[in-house]
Every structure is written in structure tokens, then in C-alpha cells.
Amino acid sequence: MRGSLYAVAVQGDRAVCVGPEGSCLDAGPAELVDFVRASERAAGQDPPRWVWWSAAQSATPLVRAGLTLRRCWDLTEAHRLLVGGFEADTEEIWAVAAGLDPDGRPAPVMGDLFDVVGDDAVVRPDGYLNPSCSQSDWRHEKLPELARCALTAARRQEALLSRRPRGVSTATSESGAALLCVELGEHGLPVDRTTLEQLITGIAGPRPRNEAHAARLRTARDELVLRHVPGRGTTDLRNPAHVRALLRSLGVQVEDTRAWHLTPYRDVHPVVDALLDWRKAERIATTYGWSWLDRFVGLDDRLRGTWTACDGGAGRMTAGAGLHSLPAPLRPGIAAAPDHVLVRADLGQVEPRVLAVVSADPDFAAATAEDDLYATVAAQLHLDRPAAKIAVLAAMYGQTSGPAADALRRMERTYPRALHHLRDAAGRGERGEPVLTYGGRFIRGRAATDQAGRRAVGRFTRNAVVQGAAAEFFKAWALTVRDAVRPLGGRIVLCLHDELLVHAPAPYAQEAAQAVDDALQAAARRWTGGAPVRFVADTRVIHRWSEAKD
């Protein structure tokens, strides 16, 4: 950790900042904002590192006030790196950092006659945090002590993570990602409300005036399907069993009614095509319709959801409000504000390139030199490109039989270190052992009682060491972009798996796009430690998100 550590804790109308020598600012959020702003300005090239139990709780008032912090340490995200999973309450974070058994921590105070009356100390004589930490009124009273504990826990976490290669650097990146999540939630994704309303109307119908009107709109959507099957008007299209029975009567046998199972039967009967169209309209109407628009799009025409830096699995970012699954028909409604543009960058073939890094396979690394990695792999394996792509994906996702089997054998001969890395991760999973990602994230082992279950776990860990590392690289890139576009007035407004959207003033459009590309190469050099692996992105300046796919 570079820079002085300052612990920040916010609870309601009280804000505390504890410095490295124990000095304490104990005031309101406004005074904390002033102190943090002054500290960032005065620090120059060695800014403080702000420590908090969780960015969502303590960084929000700072972000809301317009501050852009340069360094932080998030105890919650560092804890998730250390032990895996998603759960990370204050008492567990402290126990793990202190080397105590988290299962031995005191039971939370329930506020009834069975509570054990103890002292009022924040840290108990046995080293655990007082279970009253979970009570908001007690926490408010003890905020300075809890901030001091945060500093202690941060130093202990750093010591624990320093035992893992890249563990500390990953913790700082994950902490930055948690801060970015607060910024994404506060600033939101710019939308064109008029266009969104037109799209929703065209797909799902006009805004319902009341429940009776909503029922008539549902009936009208249903009729577009049921008119193809006279006599089946009582079929409930929202009941999968009813839909399967309808399809069976037409000679269409499917295990379920998901779109990819229905699509091959489009030419069998017109009701199948109508049903697929109905599903899209129904999804817009029920999930992304008028209630979604009213709930998540503010008066400032920004779409906001809750973001988290880690999904509890391999470490991917997640978002609420449908931000990670917005249907393609609505994407024209995601648009830059007046006099602004969107810079969209999508990483190309990122997981195979990450595999080249984490496995240190020199031949596979050499294949990343070209824009199209799969074409290079195809030439080296003496296969066509589709077969080569299937082979690479099968290796990462654990498909070892079927059409991929022969291609995988060729991969074994051509890229032995890459395949060994994946097999080792799969073997650990099958034995119920944990694995570590390239950045040091602990992924818990899962016990299985039968061979099929063990193989399933092995497939998960095989992919997790690649997907988890890819998530770590993506966050490192996103944070580098965050810093690079800030002087241009740019801001990241969406992180979607391997894709970034940056909102920037129109006069700086090309500079922002170049900054995004330069940030990719800078992040790759740091994250890979100089490994000869090339990362690429498709970067475009657009005005509407839908233009990115043109």
C-alpha cells in the first residue's frame, strides 16, 4: 500500500476519518467531503489510500459530492478475495483478518432476554468484534473505534494477501472496482427517454391506464399467437406446461420452451414463430416495460441500478435494474446526452488471451499476436476456424467428447502448458479442493457425492481460473480507463462483461477513444507482468448503444 492510510466510516449524519497516527475527524458528511477533497489536492503524486468496510456505505456521500478518489482499500472486497464467496459482514471480515475462526464469532445480538450482557468494548477480550456491530444505533456510537479497527484489518489483510502472487495488487484493483460501482450507481447510464417510450410502445403496447387496460393489452399480445391454433384459446401462454401441450398437439416435442429449443421448429408451424415473437414482447412488457422505466430511469434521464464488484463466484461485476441483460430492441434508447458521445470498447477473445497469460504457454501466447486468435490457432492445429474456436472453448469449459474431441487432442500436442493448467484446475475441483485465480482470488472447493457431480465441479473450476482472471483483467482495464478519460471530462457509464461504455464530451471523442485503447495496453503490461500476450478491443465512437453492432 502506497500513501498514508485513512479509515472512513459513515453512519447517517455522522462521518469519521481516522488517520495513521490516530488523529480523528468526527463530524458530518459535509465536513468529511471537505477534508477528503483537501487531502486529495494536497497529496500530489502520493495520494492517501482511503480505507472502509465497504464502499457502498462509506464512499457514497463522497461520490455524490463530486469527488474522484484515486486510491482506496475496501475491506469487503479484500475479504472476498481471501476466502471466496459473497458473504462479508463486519464481524467475519475482522475475524478472518485477525486469524480467528469466523465460525467461532459471537452470535449477533437479538434484543431479547436471552442476550448475554457483556462489556461495551468494540473488540472483545477473545479478539472478536462485539456482535453489537450489527446494530445501527450501537455502530453509530462506536464509529471512531470501528474506523480504527478498519485500519488494523486493512494492514492484516495486506499481510495475508502478500502471501499470494499478485494478491495485494488484485485487492487494490478490486477495491477500485467497488468504488467504480458506487460511481456507476450514482451517475447512471444516459438514456433517450422519448426513444425508450416509443420502443416500449411499439413492442409491448401503450402505457396501461389501469389494470383492466393492462389485461386487455396482455390479451391482445396472446391473440397474436393463439389465432394460429383455433380451438386452443384457453391455453395459458405463461404456463410452460400449457405451451408444451400445445406444441405436442402440433407434433413439436421440446424439453422446455426456451427460445433456442423452439427456434429449430420455426418452419414446422406458424405458431412457433409467433410464440418466439410473443416471448420477446412479453419480456419487454413484464421486465423492461413501463414499470421498469418509471422505477429505474430518473428525471435526469439516467438509468440507475445497484452495482457490485464481485458476484461471489469467479469475481465478475454484477448490476441490477436489468443493466446486464438489456434486450437488444431497447438499445437504441441508450444514447449520449446532447453534445456528448459514447465510446464503446469490447475486448476481443479475452478469455483465450487470458488463458495464454495464466498458463504461461509460449506457443499459445504467440497465437495472440494476431487480431483473430482463432484463425492463428486454426492454422497451427490444421483445422478450419470454426473447429479451432470450438476446441479452444471446449478446453476452457470442459467439453471433452463429441465434435471437439479430435481438436482437443491436437490442442494437447500444440499447447501442452495451457491444457495442463486447465486439467490441473479441473482435477482440483473434482477432488473438492479450492483453486486460486491468477490474481489470488480463493474459489472454494465443492464436495460432490457421485462421479457426475465431481465432473461438474471440475468443469466449474476449470473455467473459473480463466473467467476469474478475465474478470480481474477487465477491472484493471476499467480502472485504467477511468483515470485516462477523466481529464477529458469522460466517465465510464457501463461495464458489461467484456465491454465498456464511456460517456465523453463530443469535442474530445477521438481523444477519449484513443485513451481507451492506450489504457488497454497499459493495463495489459501491468497485469501480465510483461508477458508476450496481446489484448485487443473493438473501439468505436457512437451516439446510441445500438450503433455498436452495425
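Structure: above.
First, a word on scope: everything that follows refers to the structure included in this document. On a predicted model such as this, the values are computed, not experimentally measured, just so you know. (Residues numbered from 1 in each chain as written. Predicted model: local features only at pLDDT ≥ 70, side-chain atom pairs only at ≥ 80, totals over all residues. Heavy atoms only, no water.)

In this section: the state of the cysteines. Evaluation of the coordinates by the stated rule reveals 0 disulfides. Cys 24 carries a free sulfur, and the closest cysteine sulfur to it, the one in Cys 17, is 7.9 Å from it. With relative accessibility at 35%, the residue Cys 24 sits in the partly exposed group. A disulfide-free cysteine, Cys 495 has its sulfur positioned 7.3 Å from the sulfur of Cys 181, the nearest such atom. For Cys 495, a relative accessible area of 1% puts it in the buried group. (Disulfide = S-S within 2.5 Å. Buried < 20%, exposed > 50% of the residue type's maximum accessible area, 1.4 Å probe, protein only.)

We now examine the packing of helix α19 (residues 404-414) against helix α20 (residues 416-430). Contact geometry of α19 with α20 gives a least axis separation of 5 Å together with a crossing angle of 110°. In terms of orientation, α19 and α20 fall into the roughly perpendicular class. Residues Met 411, Glu 412, Arg 413 and Thr 414 of α19 lie in contact with α20, whose contacting residues are Pro 416, Leu 419 and Arg 423. The residue makeup of the contact of α19 with α20, split by class, is 3 nonpolar, 1 polar and 3 charged. (Axes fitted to C-alpha atoms, helices over the stretch in contact; angles between N-to-C directions. Helix = DSSP H or I, 4+ residues; strand = E, 2+ residues; numbered from the N terminus. Parallel < 35°, antiparallel > 145°, perpendicular 65-115°, else oblique. Contact = heavy atoms within 4.5 Å. Nonpolar A, V, L, I, M, F, W, Y, C, P; charged D, E, K, R; others polar.)

With a phi angle near 65°, Arg 166 is a residue other than glycine that sits in the positive phi range. Structurally, the position occupied by Arg 166 is in the loop between α7 (143-161) and α8 (167-187). Although it is not a glycine, His 497 sits at a positive phi angle of roughly 60°. Assignment of secondary structure puts His 497 in the loop between β13 (491-496) and β14 (499-505).

For the pair α20 and helix α21 (residues 451-485), the least separation of the axes is 7 Å and the interaxial angle reads 135°. When the axes of α20 and α21 are compared, the pair comes out oblique. Seen from above, α20 lies across α21 with right-handed handedness. In this structure, α20 uses His 421, Leu 422, Arg 423, Ala 425, Ala 426, Gly 429 and Glu 430 to contact α21, whose residues at the interface are Arg 454, Arg 455, Val 457, Gly 458, Thr 461, Arg 462, Val 465 and Val 466. Partitioned by chemical class, the residues of the contact of α20 with α21 number 6 nonpolar, 4 polar and 5 charged. (Left-handed = near helix turned anticlockwise from the far one by under 90°.)

Attention now moves to the sheet that holds strand β3 (residues 24-27). Sheet architecture is open: 5 strands sit in the order β3-β2-β1-β4-β5, paired in mixed fashion. Looking at strand neighbours, the two that pair on one side only are β3 and β5 (72-74), the edges of this open sheet. Taken pair by pair, the neighbouring strands of this sheet meet at an average axis angle of 20°, ignoring direction. Two strands pair when backbone bridges link them, and strand β1 (residues 5-11) and strand β2 (residues 14-18) are joined in this way by 5 bridges, in the antiparallel orientation. Bridge pairing links Val 10 to Ala 15 in β2. Sheet contacts for helix α4 (residues 75-83): β4 (49-52) and β5; angle to β5, the most-contacted strand, approximately 55°. Across the face of the sheet, α8 comes into contact with β4 and β5 while running at roughly 90° to β5. (Pairing = 2+ DSSP bridges.)

Glancing now at the pattern of salt bridges. By the definition in use, this model includes 39 salt bridges. Among the salt bridges present, the one from Glu 282 reaches Arg 221, with a minimum N-O distance of 3.3 Å. With a gap of 61 residues between them, Glu 282 in helix α13 (residues 270-287) and Arg 221 in helix α10 (residues 211-226) connect regions that are remote in the sequence. Across this residue pair, the class does not change: Glu 282 and Arg 221 are buried. (Salt bridge = Lys/Arg side-chain N within 4 Å of Asp/Glu carboxyl O.)

Bringing the sheet that holds strand β15 (residues 537-542) into the picture now. Pairing between sheet strands relies on hydrogen bonds along the backbone, with the strands arranged either parallel or antiparallel. In spatial order, the strands read β13-β14-β10-β15; together these 4 strands make up an open sheet with antiparallel pairing. At either end of the open sheet lies a strand with only one pairing partner, and these are β13 and β15. Across the sheet, the axes of successive neighbouring strands diverge by a mean angle of 20°, strand direction being ignored. Taken together, the 5 bridges between β13 and β14 define a ladder with antiparallel strand orientation. Note on β14: the bridge partner recorded for Cys 495 is Leu 500. Against the sheet, α21 touches β10 (340-347), β13 and β14, its axis set at about 5° to β14.

Okay, the pairing of β3 next. Sheet topology places β2 next to β3; 4 bridges connect them, and they run antiparallel. When the bridges of β3 are listed, Val 16 appears paired with Asp 26. Connecting β2 to the antiparallel partner β3 that follows it, the hairpin turn spans 5 residues, and Gly 22 within it adopts a positive phi of roughly 95°.

Among the residues of α19, Ala 404, Ala 405, Ala 407, Leu 408 and Met 411 are the ones counted as buried. Viewed along the axis of α19, the buried residues span an arc of 160°, placing them on a single side of the element. Against α17 (373-381), α18 (385-397) and α20 lie the buried residues of α19. (Arc of directions from axis to C-beta.)

All told, the structure shown has 9 aromatic pairs when counted by the stated rule. With 4.7 Å between their ring centres and 55° between their planes, Tyr 438 and Trp 527 make a pair best called tilted. Placement of Tyr 438 in the loop between β11 (435-436) and β12 (442-443) and of Trp 527 in helix α22 (residues 509-528) is noted, with a sequence separation of 89 residues between them. You can call Trp 527 buried: its relative accessible area is 11%. Between Phe 473 and Trp 527 the ring centres are 5.2 Å apart and the planes differ by 55°, which places this aromatic pair in the tilted class. Pair noted here: Phe 473 is in helix α21 and Trp 527 is in helix α22, with a separation of 54 residues, a long-range link. (Phe/Tyr/Trp six-rings, centres within 6.5 Å; stacked < 30°, edge-to-face > 60°.)

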